[in-house]
Structure formats: C-alpha cells, structure tokens
Amino acid sequence: MTATIFALASAPGRGGVSVYRLSGPLAGQTVETLAGFLPTPRMAKRARLVHRDETIDDGLVLWFPSPASFTGEDVAELHLHGGRAVAQALSAALVELGLRPAEAGEFSRRAFQNGKLDLTRAEAIADLVDAETAAQRRQALLQLDGGLDRLAEGWRQDLLRALALLEACIDFSDEDLPDGVIEQAADQARALAAELDSHLAEGIRHERLRDGIHVAILGAPNAGKSSLLNRIAGREAAIVSATAGTTRDIIEIHLDLGGWPVVLADTAGLREAGEEVEAEGIRRALAKAEAADLKLLVFEAGLDPDPATTSLVGPDALVVVNKTDQGRPPNLVDLPQAIMVSARTGDGIAQLLETLRQQVADRFQMTQAPALTRSRHRAAAQEARQALERFDPSLGLELAAEELRRAAQSIGRIAGRVDVEDILDIVFRDFCIGK
Ligand SMILES: Nc1nc2c(ncn2[C@@H]2O[C@H](COP(=O)(O)OP(=O)(O)O)[C@@H](O)[C@H]2O)c(=O)[nH]1
Ligand SMILES: [Mg+2]
C-alpha cells in the first residue's frame, strides 16, 4: 500500500499559522482519529485535535477526498498554531498513527504520477516557490498555467501527424497514395524545425531569467571594483584593500533590480599577474567576463584607461568612471557614454543601477511565451531539432519515420509524457519539503 505522508507545508514565524498536509490512504482515518469527525469535503471546520487523551491544538481541518485533491490521493490539511511544541506533538502523533514525513517534492511527485500535474507545471511550482523577483514570479506563473505543456504537446502532435503520413506511405503501395503526401510530411517537419529554432534561441534568455542575469565587474586593480560592489550591496561583501590585487576569487551578490534578478560578480583586477594566486584570479576574471550577460567596466578618474579593460568595451558593456570624488577630471578618451560614480560617497550609484536595469530590461524583455525555461527543456528540444535535421524522406521512408519518432520522443520528455522514470529524480530533486 502507498505510504501516507505528511509535512509542514508552510513555514510561519512565531505566532503564525502552520499548515500540515497529509496525503495517502490513511489521511481520512487520521483526521477522524484526531478530530473525532471528518468534515464536509473542501469546507474548513474547527476542530480540537486530541491524541491519547492529550489535546495537541485547537485549529481548522480540511478534507479533500481522492481524486479531487492536489496529489489525486486522499488529502487532509490541518491549520494549527505555529509553534515548536505543537509541531512536535503533531508529528509524534502522526508517526504513531502510521504516517511518515514526506520527502522533498513528494507531494508534487505524487500529483504528477496521478496525472494531476505535468512536469512543466511541477517545475513551475518549484520556480514559484524560489522566485525572488517579479519577473521570475511572472515567468513561473505562465508556466504553471500550462503554456509550455500545451506548446510541447502541440509540437508532439505535429510530429505524430507527419509520422502517420509517412507510415501510410510505407504501408501502402505508390499507386494507392494521393499525390504529395511525402511532401506534406516534409513541410510539417520543416515548419516545426524553424519553430524549434526560434524557441531555442529565446530559451537561453528564459533560463537566465530563472537563474539570474549575470553581470561582471571588471577593471584594473585598485579601480574600485570591490568598493563599488560593496556600495551596491550596502554591506561588506567583498574585501576592499588599498593594496592592488587583493580580490583573488569571485564574489557574487544577488540583486532585485526593478523586478529583474541580477547576479553581480566582483573579479580580480585585469593586469600582469605578480604571483600565482593572482594569475589564477585574473584567469577567472576573464572567464567571468566571457560568460557574463553584461559587463561593468570600471576605470579610475584621472588615470589613462588601461588597455586590458578598454579592450572589453562593446555593446554588452557599461563604462563606469569611479573615484570622481577626488577632484581629478576623468580621462574619457575612447570611453563612450561613461557613467560617473564615486563608490566612496555613493554619488552616481543610483544612475548606474538605473542604466543597468534598463539594459537588462531591453535584453530580457520576453517576446515569446510560453518558453523553454530550463536546460532540461532545451536539451530535449535540441535533440528533437537534431532528429529533424537528419530527417530526409529521399534517403528512405523507414529511416525518415524513425527520425520523426525520435523527435516526438524527445519533445514528449518536456512534459513527461515519455521516459518518465529517468527524469523524475532530476525534476523533483530541487523541491522543498511540503510541496
Ligand atoms: N576616493 C575614492 N577612493 C576609492 C573609491 N572607490 C575605491 N576607492 C579606494 O581605492 C582603493 C582600491 O579599492 P578596491 O575597491 O579594493 O579596488 P579594486 O581593486 O578594483 O577592487 C581602496 O583604497 C578604496 O578605498 C572612490 O570612489 N573614491
Ligand atoms: Mg577588488
């Protein structure tokens, strides 16, 4: 028999309400034992929960009989006073009554297995729980709405239709077939390939939105990169030192920039390395610059722009001139649209952040929804794309049909319609307990 599981589904502060969720065959019987009754389905009812003549708490109980519940199983919810003693007494009682604590993601996993959620919606729940900014929340809600599931299922149906056309050609002899059937299948495959290309191109940006948009701070040693990061972070996140070359590792802070999730990374100074550790820092700084979505290039007012940093000026870089508080005029030869700041006094930082926000918004404003938001989705779409690349009816109908079958299989993996066991662990691994 399936185990009945329970978990604290909310994490309240002191004085808050704790919601416990129970799911499985023992859920109803457990509520009856503790509350003395089973409430009308989906109606909250006040109850005193008693176990072995000891009152655990006075709260609300809800009853969601199978199949109309989140997991599709019998589900009960107990809304109790938040507090450690209540949690301890309840957990002990539930375990004694034969339930066990749920593992991370186990409720969603059961919902998926009972056909209540497809994988993209399950992932959207995890994303919503993790969403830290408005843009991430909106993206998660779109996916929770089933947009990606419908999109992928539409692609899969297109592939299955094209496959059916080809199979008809294989099964019947030439003379029985209406003209143009093979061409029709080939047209469908071509159209789908083009659509996959456009979604794959945009998918990277959606993944970035999910994971955070990466901005690297680069510049010569002592230009004030670490001070700038600290000023933006509002705390001592990076070690600032008057000795050149002290930032040897990468320090990152996460920002909510007007709704956009930004990961801002400090780096070591760009110059000839004096010692081995520093050389490694510079190597990492350049790798970070390469991988970043945007770069903040920091120059020091009054000094000639150093060639290493100047070489990084480009459309994905913002030029910042720091230490404007020292009264030395900025040397702006070859530096377009520089933003003047002082990490020391905070002057210009608001304008820098606003410019950065605009750049991020310009780049990441999405045109395509729903979207491939995870590398898992992209990998599946890419596999399908490769199968369509190989698809060529002129090389033999059986071979061509096989490629369509492969493409449909890959696309089916996005929503979890095929090869389910392989991907379940990957998907539910990152969930939190109680979801
Ligand atoms: N006057 C002034 N000094 C600054 C400013 N920003 C940084 N510094 C100083 O410049 C030195 C190097 O700063 P740091 O942030 O470690 O530079 P990094 O090597 O680019 O990370 C430190 O002594 C800072 O106090 C600024 O805006 N004005
Ligand atoms: Mg530094």
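Provided above is the structure to which this section pertains.
Below or above, wherever it landed, is the structure these notes cover. This one's a predicted model, so the numbers in the text were calculated from it and none came from an experiment.

Ranked by internal contacts, the top residues of the largest apolar core, which has 67 residues, are Tyr20, Leu159, Leu404 and Ile411. At 9 residues, helix 6 (residues 147-171) tops the list of elements feeding residues into this core. Residue assignment places this core across two domains, with domain 1 (5-102) and domain 2 (122-206 + 374-428) each supplying three or more. The contact partners of isoleucine 411, leaving out residues within four places of it in the chain, are Ala152, Trp155, Arg156, Leu159, Ala380 and Ala384. Core analysis: the second largest hydrophobic core is formed by 37 residues, Leu264, Ala265, Ala301 and Val360 among them.

Further remarks concern the pairing of strand 10 (residues 294-300). Burial within strand 10 is extensive, with 6 of its 7 residues counted as buried. With 5 bridges connecting them, strand 7 (residues 213-219) and strand 10 associate as parallel partners. In the sheet register, valine 215 faces strand 10, and the bridge partner there is leucine 294.

Turning our eyes to something else, we now look at the site of ligand 1. Of all residues adjacent to ligand 1, which total 20 residues, the nearest are Gly224, Lys225, Ser226, Ser227 and Arg344. Each residue belonging to the shell around ligand 1 can be placed in one class, and the counts come to 5 nonpolar, 11 polar and 4 charged.

Before going further, it helps to examine helix 8 (residues 225-233). Counted residue by residue, helix 8 has 8 buried out of 9 residues, so it is predominantly covered. Taken residue by residue, helix 8 has Lys225, Ser226, Ser227, Leu228, Leu229, Asn230, Arg231 and Ile232 as its buried positions. Here the buried face of helix 8 lies against strand 7, strand 8 (251-257), strand 9 (260-266), strand 10, strand 11 (317-322) and helix 11 (349-364).

In this section: the packing of helix 5 (residues 134-144) against helix 7 (residues 181-211). Look at helix 5 against helix 7: their axes get within 9 Å of each other, and the N-to-C directions meet at 120 degrees. For the element pair helix 5 / helix 7, the angle class is oblique. When you trace helix 5 past helix 7, the crossing you get is left-handed. Side by side, helix 5 and helix 7 meet where Ala135, Gln136 and Gln139 of the first sit next to His206, Leu209 and Arg210 of the second. Classifying every residue of the contact of helix 5 with helix 7 by side-chain character gives 2 nonpolar, 3 polar and 1 charged.

Spatial ordering of the open sheet is given by 8-9-7-10-11-12, a layout of 6 strands whose pairing is mixed. The sheet is open, and its two borders are formed by strand 8 and strand 12 (339-340), each paired with just one other strand. Note that strand 7 and strand 9 share 4 bridges and pair parallel. When the bridges of strand 9 are listed, isoleucine 213 appears paired with valine 262.

Attention now moves to the packing of helix 6 against helix 13 (residues 397-415). Across the interface, helix 6 lies against helix 13 with an axial gap of 9 Å and an inter-helix angle of 165 degrees. Taken as axis vectors, helix 6 and helix 13 run roughly antiparallel relative to one another. In this structure, helix 6 crosses over helix 13, and the sense of that crossing is left-handed. In terms of residue class, the contact of helix 6 with helix 13 is built from 19 nonpolar, 1 polar and 6 charged.

Taken together, 6 strands build an open sheet; the order of strands is 3-4-5-2-1-6 and the sheet is mixed. Two strands lie at the open edges of the sheet, namely strand 3 (45-51) and strand 6 (100-101), each paired on one side alone. Two strands pair when backbone bridges link them, and strand 1 (residues 5-8) and strand 2 (residues 17-23) are joined in this way by 4 bridges, in the antiparallel orientation. Looking across to strand 2, one finds that alanine 7 is bridged to arginine 21. Packing of helix 2 (residues 84-96) onto the sheet brings it into contact with strand 1, strand 2, strand 3, strand 4 (54-64), strand 5 (75-81) and strand 6, and relative to strand 4 it is tilted by some 70 degrees.

Definitions and limits used
- Residues numbered from 1 in each chain as written.
- Chains lettered and ligands numbered in written order.
- Predicted model: local features only at pLDDT ≥ 70, side-chain atom pairs only at ≥ 80, totals over all residues.
- Core = buried A, V, L, I, M, F, W, Y, C linked by C-beta atoms within 7 Å.
- Buried ≥ 20, exposed ≤ 12 C-beta atoms within 10 Å, placed from the backbone.
- Helix = DSSP H or I, 4+ residues; strand = E, 2+ residues; numbered from the N terminus.
- Domains from an automatic or database assignment.
- Contact = placed C-beta atoms within 7 Å.
- Pairing = 2+ DSSP bridges.
- Near = placed C-beta within 6 Å.
- Nonpolar A, V, L, I, M, F, W, Y, C, P; charged D, E, K, R; others polar.
- Axes fitted to C-alpha atoms, helices over the stretch in contact; angles between N-to-C directions.
- Parallel < 35°, antiparallel > 145°, perpendicular 65-115°, else oblique.
- Left-handed = near helix turned anticlockwise from the far one by under 90°.

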